[in-house]
Amino acid sequence: MTAARRLRVAVLISGSGTNLQAIIDAAAAGDLEIDIVGVISDRPKAYGLERAANAGITAMPVDFKSFDKRADFDAALADKLAELAPDLVVLAGYMRILPATTVNGYRGRMLNIHPSLLPDFPGLDTYARALAAGKKSHGTTVHFVTPELDSGPAIIQYRVHIRDQETEPGLRQRVQAGEYIIYPQAIGLIAAGRVTLDGDSVCLDGKPLEQPIIIDEQPC
């Protein structure tokens, strides 16, 4: 891919931006043929905005609490995204549900990462729920975003074995380490034109994926 065709990526965050940092680092190392054209946060004090600024990336707060109406916030966010003109929108710890109009406007061009092996455990508290259910494995999923929460077609998953006497903090730490591996990988596959969304199916190198790519945690 030539420099003129590098993928324009906008990142949405709400918090500290650890996944954002993994993406920034991969791009800086030359592992991703992308340009991060802006980072938007619904929380103006989110540390992820500092990470963006430190990397020379445009940091754009859109303070949710400054709007009286949710529709006005959604419109302001959509305007900021339009200013950036991204080829791909990456949700990296963005904690608000986007309106269907925004999601559908970026169909096949918007990614999320969710801390479970979807379709298991959409929503919150996935680590505690996996442990309570007695699951043998847990993990995280990069998927295309659709209006239905955590239900879009999955691209890649990182899977860890749940150990005897596993704790929620320990499981979270291991799964998050995998997020920093697979999110840049998924973005790289899209930037290279290898992964696309065709209808409701993820295609890899022009062929539908029967199941997500699975990356297993390697033993220490």
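This text goes with the structure placed above it.
Residues numbered from 1 in each chain as written. Predicted model: local features only at pLDDT ≥ 70, side-chain atom pairs only at ≥ 80, totals over all residues. Heavy atoms only, no water.

The next point concerns the pairing of strand β6 (residues 137-144). Put simply, side chains in a regular strand alternate between the two faces of the sheet. Of all the 8 residues making up β6, 7 are buried; the element is thus mostly covered by neighbouring parts of the structure. For strand β5 (residues 110-114) and β6, the ladder comprises 4 bridges, and the chain directions are antiparallel. Note that in β6 the partner of I113 across the bridge is V142. Summarising the sheet, β6 and strand β7 (residues 154-161) pair through 7 bridges and their orientation is antiparallel. By the bridge assignment, H143 is partnered in β7 with A154. (Buried < 20%, exposed > 50% of the residue type's maximum accessible area, 1.4 Å probe, protein only. Helix = DSSP H or I, 4+ residues; strand = E, 2+ residues; numbered from the N terminus. Pairing = 2+ DSSP bridges.)

Read across the open sheet, the 8 strands follow the order β3-β2-β1-β4-β5-β6-β7-β11; overall the sheet is mixed. Either end of the sheet is taken by a strand with one partner, and the two such strands are β3 (59-61) and β11 (213-216). If you compare each strand with its neighbour and ignore which way they point, the axes differ by 20° on average. Contacting β1 (7-13), β2 (34-41), β4 (88-91) and β5, helix α1 (residues 18-28) runs over the sheet at an angle of about 160° to β2. Against the sheet, helix α6 (residues 168-191) makes contact with β1, β2, β4, β5, β6, β7 and β11, and its axis sits at roughly 155° relative to β7, the strand it touches most. (Axes fitted to C-alpha atoms, helices over the stretch in contact; angles between N-to-C directions. Contact = heavy atoms within 4.5 Å.)

Moving on to the pairing of β2. Where burial is concerned, most of β2 is hidden: 7 out of the 8 residues are buried. Pairing of β1 with β2 involves 7 bridges; the strand directions are parallel. What sits directly across from V9, in β2, is I36. Handedness of the crossover joining β1 and β2 through α1 is recorded here as right-handed. (Right-handed = clockwise from strand over helix to strand, strands pointing away.)

Let's shift gears to unusual backbone geometry. As a rule of thumb, non-glycine residues mostly have phi less than zero, and peptide bonds are mostly trans rather than cis. Cis geometry is adopted by the peptide bond preceding P119, which originates at L118 and carries an omega value of 15°. Structurally, P119 can be placed in the loop between β5 and α5 (126-132). Phi is positive for D150, which is not a glycine, with a value near 55°. The residue D150 is located in the loop between β6 and β7 in this model. Taking relative accessible area as the criterion, D150 reaches 12% and is therefore assigned buried.

Residue placement: A55 occurs in the loop between α2 (47-54) and β3. Expressed as a C-alpha distance, the spacing of A55 and I190, which sit 135 residues apart in the sequence, is 22 Å.

What follows covers the packing of aromatic side chains. Under the criterion given, the structure shown has 2 aromatic pairs. A centroid spacing of 5.0 Å and a plane angle of 80° characterise the contact between F64 and F73, whose relative ring orientation is edge-to-face. A centroid spacing of 5.8 Å and a plane angle of 70° characterise the contact between F67 and F73, whose relative ring orientation is edge-to-face. By way of ring pairs, the aromatic residues F64, F67 and F73 are connected into one cluster. (Phe/Tyr/Trp six-rings, centres within 6.5 Å; stacked < 30°, edge-to-face > 60°.)

Relative to the helices and strands, E166 resides in the loop between β7 and α6. The sequence separation of E166 and L131 amounts to 35 residues, and the corresponding C-alpha distance is 7.9 Å. Sequence-distant contacts of E166, that is, excluding residues within four places in its chain, are made with L131, H161, L171 and R174. Within the structure, the side chain of E166 is placed 2.5 Å from the side chain of R174, a separation counted as a polar contact. (Polar contact = N/O pair within 3.5 Å; in protein donor to acceptor, adjacent residues only side chain to side chain.)

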